[in-house]
Every structure is written in C-alpha cells, then in structure tokens.
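Coordinate inspection notes
Given next are the chains, with one letter for each unit.
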Amino acid sequence: MGKCEACQKPWDMYRGKRRCPTCGVPSLICRECFEADKAGTKKLGREVRCDLCVTEDVRNKRQLREREEREVKEYEQKLRQKMNNGYELPVQKKHVITRKPKPNPERITRLFLKNMCARQTDEAKLLEILHPARATHIQWLTDRNTGKFYGSAFIEVSTAEDAGSVLALDGMFVLGRRIKVKYQRADEKDIWPIPNTEILAAI
C-alpha cells in the first residue's frame, strides 16, 4: 500500500493528471487532497514530490539529471572493472524462472514500473528484464516538454502469475538502478490498454 504524497495517509490509486514536479512520474494523491486542491482550499505545490524524490532529496530536474548521470557512470565503471577481471556477462536461459513470483490475490495484470534506466531501456531490453513474464502492452511515460522517456512505464502482462513474477523485481538493481514495481489496477475512468501500446514482437 502506497501513501498520499500530500498528507501521507495510506493510498494506492492514481487520480487526475498531476505528476511529480521533479521527475514527472504520476502522483499518488488521495481523494481528499485532490478535491481540496481542485477547490483551491489546499495547494499541491512543488514541495509535494514522489516518495523516491523525497527519499533521495531530489528537488529539481538538474539534480535529477546529475543523479542519473552519476548512477550510469558508476554502473559502467563497475562493469568495465568486472570485464577487465575476466568477468563474463551472465546469459539467462529462456523459460528458466530466476525469481520467485509474488502473491497476486486480486489477479491484477497491470503494473507500474519506476526508476528504470532511461538511457538503456527500450522495448527489447524491458522484455528481456521481464522474462519469463510475458508483457502484452507497454505505455512509456515521457516528459511532457521534451517527449523523452524518463524511466517509468505502465505494462500489461498475459496472466496474474506473470504479474507476480514482475513484482518480484521490486527493489532489484537493474542496469544500475534500483527499480520500483507495484500492481496498479486501471482506474474505472481510464482506457486500458491504451491503443498503440501493443507489443508486436516478444522474446
């Protein structure tokens, strides 16, 4: 269960179109805070940020870019050191489950992924990361000004078991970034899956 980014009470549903003013991911705002901001009795200012930006004390886009560049450089440096020491990249065999699926009692097949490496993650790489889970749709979240992918996405998978397998990635380091994954049932007002998000080719 997540928390409202404004009042910190337990909340786990995205409402409206508000995004974190720092990194741009959808904001978790409870019904009361959303309605208060809409009515003008409570202002959701730039200090209301996503939990990751608050935890890492990222307050503006410059700090976000610096952090991402630093993490990519650290990852590449560690990889070069391993390669120089004779390290070989592990090859994951298909159809071999390398992580234990998480429970999915509500059998949700839509998930939200956050804090992925924007520079190195494309459809092929994401499908490789999700394997053996089978994704059917990917909605890449992009910056509204630049149109660039910033490391978050909604995905639809084939089965509830696949969703549990993807959730098992939560907290793991992938391409140098500790990714966050959560079940995210589509809001009743949302159109999901979104047209033109189908995956044409899978692993």
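Residues numbered from 1 in each chain as written. Predicted model: local features only at pLDDT ≥ 70, side-chain atom pairs only at ≥ 80, totals over all residues. Heavy atoms only, no water.

Things to note about the pattern of salt bridges
Applying the stated criterion across every chain, the model contains 14 salt bridges. The shortest N-O distance in the salt bridge between Arg119 and Glu69 comes to 3.7 Å. Of the two residues, Arg119 is situated in the loop between β1 (110-114) and α4 (123-130) and Glu69 in helix α3 (residues 61-84); the sequence distance between them amounts to 50 residues. A relative accessible area of 63% means that Arg119 is categorised as exposed. (Salt bridge = Lys/Arg side-chain N within 4 Å of Asp/Glu carboxyl O. Helix = DSSP H or I, 4+ residues; strand = E, 2+ residues; numbered from the N terminus. Buried < 20%, exposed > 50% of the residue type's maximum accessible area, 1.4 Å probe, protein only.)

Structural notes on the environment of Val48
In this structure, Val48 sits in the loop between α1 (31-39) and α2 (51-55). Among the residues examined, Val48 registers a relative accessible area of 8% and is labelled buried. Each C-alpha atom of the pair Val48 and Arg144 lies 19 Å from the other, and the pair is 96 residues apart in sequence. Dropping the residues within four chain positions of it, Val48 is found in contact with Glu5, Ala6, Arg18, Pro21 and Ile29. (Contact = heavy atoms within 4.5 Å.)

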